[in-house]
Amino acid sequence: MDFAYPTELVERVSSFMDTHVLPAEPVYDRQIAGAANPHALPPIMVELKEKARAEGLWNLFLAHGDWGAGLTNLEYAPLAEQMGRSIIGNEVFNCSAPDTGNMELLALFGTPEQQDRWLRPLLDSRIRSCFAMTEPDVASSDARNIRTRITRDGDDYVVNGRKWYTSGILDPDCELIILMGVSDPDAPTYRQQSMVLIPRDTPGVTVLRDLPMFGYTDRLGHGDVLFEDVRVPAVNLLGGEGQGFALAQGRLGPGRMHYAMRAVGFAERALRLMCERALSRVAFGGPLADRGVVREWIARSRIEIEQVRLLVLKSAWLMDTIGNAAARMEVAAIKVAALEVAHRVVDRAVQAHGAAGVSDDTVLARLFSITRALRIADGPDEVHLRTVARHELAKYEEK
Ligand SMILES: Cc1cc2nc3c(=O)[nH]c(=O)nc-3n(C[C@H](O)[C@H](O)[C@H](O)COP(=O)(O)OP(=O)(O)OC[C@H]3O[C@@H](n4cnc5c(N)ncnc54)[C@H](O)[C@@H]3O)c2cc1C
């Protein structure tokens, strides 16, 4: 087993993060706080994107065809970890969800016309996009439940329903909604759903609410969205009719992996802050770092991060070698393990900071909310645990 990283690219992303991205965080926060629209791209992000692109650090996540950087999952994993050291990191390199998953879908299943219209501008970061699957009225972790209807009417499809936590829809640059709905309720269970491409400005699309994330207004914006007689031409179908479920699986596999990779970066950031605080803060006659309990937090955090990084790399390697479908159990496992570890390490770092950990003076409170929310987004932990348990039990049921 070779434990060496492909270091040149990792070092370039890491150095870009240290030189440009981490120092820009307070500027980013100030610009958002002072903006008329909290969802608009702040000027500092425009600058950072231009720099990253000029250095060739762009679309690194995308492996397919001639579209992206062509890296394997194993090569991308340590880069995503570096980007995760800042909560604004992945956007700088045009590697942020939900665009990443949407670009993957378009690269894999889009027609040349769909790719020209949507994929190219997304790759250039000229527009943004969102993905509408989850619905407020049904348990959407079981996607068989979704109710939004996609009905064929002559040369069009007509969409009716309500979605929520549609991330990115409030960004004024968002021009594309990829929506999953039911196109044939009488078809076999996994052939009932389809995906359609809806231009954001289509009549009948109404954002009812801007949903918060634990009280934070996210830059991306999470929309509660009503679709009323939304009409798109039939050529806006993505893939074939009835392929929605299969496409969703393709989209979510790499997406989960990207979250896990990034979570390792979140955890590293929190551990660093915890160590710095423990060394500098004096209580009851000595630095916090001298207390056994704090040393245990630090040591356990280091051990857990190392464990989870290895599992991330193994899962990435399996995706590259046996394919996303065959690596399904590992992808499910790593989504659970990485976010659990990241959230636990952030929680310890918050504790070590006392009130400062709860304030907005450090990035920890934001990391706390992000790592918690990501245990639900892209499928809650329990659904992934179900996949892992089913895989494990199958070994014995077969006998
Ligand atoms: C910050 C954020 C961003 C998001 N962005 C998007 C987006 O861009 N697009 C989009 O479509 N969706 C998005 N989502 C929605 C997310 O994918 C769903 O919330 C998630 O899939 C769960 O669906 P649900 O909320 O309907 O929960 P439900 O399906 O109602 O489940 C509720 C809870 O039930 C439990 N549960 C479910 N199944 C099982 C089981 N088999 N065994 C045991 N327990 C179980 C779990 O604890 C789960 O959390 C986002 C969510 C968040 C928080």
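What counts and how
- Throughout, residues of each chain are indexed from 1 in the direction in which the sequence is written.
- The predicted nature of this model means local features are confined to residues of pLDDT at least 70 and side-chain atom pairs, given and counted, to a pLDDT of 80 or more, with totals for whole chains, interfaces and linings taken over all residues.
- Working from all heavy atoms in the structure, the side-chain values ignore hydrogens and water.
- The source of the domain bounds is an automatic or database domain assignment.
- Here, residues are in contact when the closest pair of their heavy atoms is within 4.5 Å.
- The quantity reported as buried area is the accessible area (1.4 Å probe) lost by two parts once they are put together, taken as the sum for both.
- By definition, a salt bridge exists where a carboxyl oxygen of Asp or Glu is found within 4 Å of a side-chain nitrogen of Lys or Arg.
- Residues adjacent in sequence count toward polar contacts only when both atoms are side-chain atoms; beyond that, a polar contact is any pair of N or O atoms within 3.5 Å, and within protein one must be able to donate a hydrogen and the other to accept it.
- Secondary structure counts use DSSP, requiring at least four H or I residues in a row for a helix and at least two E residues in a row for a strand, with both numbered from the N terminus.
- Think of it this way: a Phe, Tyr or Trp ring, Trp meaning its six-membered ring, pairs with another when their centres are within 6.5 Å, and the plane angle makes it stacked under 30 degrees, edge-to-face over 60, tilted otherwise.
- Lysine NZ or arginine CZ positioned within 6 Å of the ring centre and within 35 degrees of the ring normal marks a charge as sitting over the ring.

## A look at the domain arrangement of the protein
Now for step 1: As far as domains go, the protein holds domain 1 (7-123), domain 2 (128-241) and domain 3 (245-394).
Now for step 2: Between domain 1 and domain 3, the contact holds 23 residues from the first and 23 residues from the second.
Now for step 3: Roughly 2,000 Å² of surface becomes buried between domain 1 and domain 3 when both sides are summed, with 61% attributable to carbon and sulfur atoms.
Now for step 4: Looking only at domain 1, the three residues that lose the most surface to domain 3 are Asn73, Glu81 and Ile87, adding up to 32% of its buried area.
Now for step 5: Our count for the domain 1 to domain 3 interface comes out at two salt bridges.
Now for step 6: The partner of Arg309 in a salt bridge is Glu81, with the nearest N and O atoms 2.8 Å apart.
Now for step 7: Applying the counting criterion to the domain 1 and domain 3 interface returns six residue pairs in polar contact (both at pLDDT 80 or more).
Now for step 8: Put simply, the parts of the chain that give the side of domain 1 that touches domain 3 at least two residues each are α1 (7-33), α3 (73-83) and α5 (99-109).
Now for step 9: By residue number, the principal contributor to the side of domain 1 that touches domain 3 is α3, which donates seven residues.

## Regarding the packing of aromatic side chains
Now for step 1: Taken as a whole and assessed by the stated rule, the structure comprises three aromatic pairs.
Now for step 2: Both rings, one in Tyr190 and one in Phe245, keep their centres 4.7 Å apart while their planes meet at 85°; by these two values the pair is edge-to-face. With Tyr190 in the loop between β4 (174-182) and β5 (193-199) and Phe245 in helix α7 (residues 244-280), this residue pair connects regions lying 55 residues apart in the sequence.
Now for step 3: Positioned over the ring face of Tyr157 is Arg152, at 5.2 Å from the centre of the ring.
Now for step 4: The side chain of Arg366 reaches across the aromatic face of Tyr216, ending 4.7 Å from its centre.

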